[in-house]
Amino acid sequence: MTFRVPADIQNRPVVVVGGGTLGRRIAAVFASGGSAVRLVDLSEQQRHDATEYVAQTAPELREKLNPVPSRAAGQLETFASIEEAVSSAWLVIEAIPERLDLKRPLFGTMDRIADPDALLATNSSSYASREVITEVQHADRVLNMHFAMPPASMAVELMSDGQTAPEALEFLERELRAFGLLPFIANKESTGFIFNRIWAAIKRESLAVVGEGVSTPQDVDGIMRVNMGLAAGPFQLMDQVGLDIVLDIEEHYLAESPWIPTTARDLVKSYVDAGKLGSKSGEGFYKYEA
């Protein structure tokens, strides 16, 4: 099959698979930009929470985007299975936990049932899309589309799976701007893409400073805010992402680069083992009110 870019995208939905922290944020971005959005999650609670988040966030984000008046805000629908949701979508974005045993069969299913011109993207922050296409027949339409933390940061990084059609990357770089997103293309495969490759070093060294007893999460965040003008320090940001996700990412980096010291991973694991997952559990490096 010859690759072709999606047609008539204004009248076709975006599908987001996974209603967690990033999935619901991605859904809010596309809904605010005027796209119909279908969010898929097995958990009824996740679907409910995602619906509430989009309802609260999309109107304010839409006002900031100041979209073309003729383009009405998009509606969000939620589904328990991808088979119900994917028909007619022009873009399907996977935002599930960082586990290849989940991602690989999911991409195989998406490739079989999605429209022939639909683009299939993984939001994975640590796995290259090359690693999720083992069950995919049409690798030319698969890519990484890694979102930072919308709507606070609207950056999105695009990276080929090694077989992605160049037209797909060019198409997305152009069309995503209509949703207020700021696309950046990684010109070659890079673990961590552009920003996360740099961020991983900052995060890992921050964890090492605390793990070795040199300082505390609060003081590391404080000095980073003062010296670098950051709105939030690395430990605050890790709490927002979720320490279970941070741990998955660190485990992946260690598997790929076993010479990296384990101090950072071990500190995060001690918090996860204690049930301290960050803001979503009420406590991580900081405590949060319900």
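So, here's what we can say about the structure. Small disclaimer: the values here were computed from a predicted structure and weren't measured.

Looking now at the overall build of the protein chain. Within the protein chain one finds 10 helices and 8 strands. Relative to a compact globule of 290 residues, whose C-alpha radius of gyration would be 19 Å, the protein chain shows 19 Å and is just as compact. Seen through its principal axes, the protein chain has C-alpha atoms that stretch 55 × 40 × 35 Å. Within the span of the protein chain, comprising 290 residues, buried residues form 52% of the whole. By sequence separation, contacts in the protein chain at least 24 residues apart represent 68% of the contacts at least 6 residues apart. Within the structure as shown, the protein chain displays about 13700 Å² of accessible surface, and the carbon and sulfur contribution to it stands at 52%. Once the 27 positive and 40 negative side-chain charges of the protein chain are each reduced to a mean point, those two points are 1 Å apart.

Time to look at the pattern of salt bridges. Under the defined criterion, the tally for this structure stands at 15 salt bridges. Its salt-bridge partner being Asp111, residue Arg141 comes within 3.0 Å of it at the nearest N-O pair. A residue pair is termed long-range when its members are at least 10 positions apart, and Arg141 in the loop between strand 5 (119–122) and strand 6 (142–149) and Asp111 in helix 4 (residues 100–113) qualify at 30 residues. The exposure class of Arg141 is buried, given its relative accessible area of 2%. Assessed through its relative accessible area of 5%, Asp111 is described here as buried. The salt bridge involving Lys269 is made with Asp273; its shortest N-O contact spans 2.9 Å. Separated by 4 residues within a single helix, Lys269 and Asp273 lie in helix 10 (residues 263–273), roughly one turn from each other. Residue classification places Lys269 among the partly exposed positions, given a relative accessible area of 33%. Through salt bridges that share partners, Arg12, Asp115 and Asp117 make up one connected network.

A few words now on the packing of aromatic side chains. Scanning the model with the defined rule gives 5 aromatic pairs in all. For the ring pair Trp90 and Phe171, a centre distance of 6.0 Å and an interplane angle of 80° mean the geometry is edge-to-face. On the criterion of sequence distance, the pair formed by Trp90 in the loop between helix 3 (82–85) and strand 4 (91–94) and Phe171 in helix 5 (residues 166–175) is long-range, its members being 81 residues apart. Each member of the pair, Trp90 as well as Phe171, carries the same accessibility label: buried.

Time to look at unusual backbone geometry. Pro150 connects to Pro151 through a cis peptide bond whose omega is 0°. Structurally, the position occupied by Pro151 is in the loop between strand 6 and strand 7 (153–160). Despite not being glycine, Asp8 has its phi angle at roughly 55°, a positive value. Along the chain, the position of Asp8 falls in the segment before strand 1 (14–17). Assessed through its relative accessible area of 45%, Asp8 is described here as partly exposed. Phi is positive for Phe193, which is not a glycine, with a value near 55°. Looking at the element boundaries, Phe193 is found in the loop between strand 8 (182–185) and helix 6 (195–211).

Bringing helix 10 into the picture now. Looking at helix 10, one finds that the buried residues are Ala264, Arg265, Leu267, Val268, Tyr271 and Val272. Mapping the buried residues of helix 10 onto a view down its axis gives an arc of 165°, with all of them on the same face. On the buried face of helix 10, the contacting elements are helix 6 and helix 9 (243–256). Looking at the residues trailing helix 10, positive phi occurs at Gly275, about 80°.

Grouped together as the largest cluster of nonpolar side chains are 37 residues, with contacts concentrated most on Phe30, Leu91, Met145, Leu172 and Leu181. Top element by residues in this core is helix 1 (residues 21–32). It accounts for 6 residues. Excluding its chain neighbours within four sequence positions, the residues that come into contact with Leu172 are Trp90, Leu119, Leu143, Met145, Leu158 and Pro183. Residues Val86, Ala89, Ile96 and Tyr127 belong to the second largest nonpolar core, which totals 23 residues.

Parameters and conventions
- Residues numbered from 1 in each chain as written.
- Predicted model: local features only at pLDDT ≥ 70, side-chain atom pairs only at ≥ 80, totals over all residues.
- Heavy atoms only, no water.
- Helix = DSSP H or I, 4+ residues; strand = E, 2+ residues; numbered from the N terminus.
- Rg over C-alpha atoms; globule rule 2.2 N^0.38 Å.
- Buried < 20%, exposed > 50% of the residue type's maximum accessible area, 1.4 Å probe, protein only.
- Contact = heavy atoms within 4.5 Å.
- Areas by Shrake-Rupley, 256 points an atom, 1.4 Å probe, with all protein chains shown as cover.
- Lys, Arg positive; Asp, Glu negative; His and termini not counted.
- Charge placed at Lys NZ, Arg CZ, Asp CG, Glu CD.
- Salt bridge = Lys/Arg side-chain N within 4 Å of Asp/Glu carboxyl O.
- Phe/Tyr/Trp six-rings, centres within 6.5 Å; stacked < 30°, edge-to-face > 60°.
- Arc of directions from axis to C-beta.
- Core = buried A, V, L, I, M, F, W, Y, C linked by side-chain atoms within 4.5 Å.

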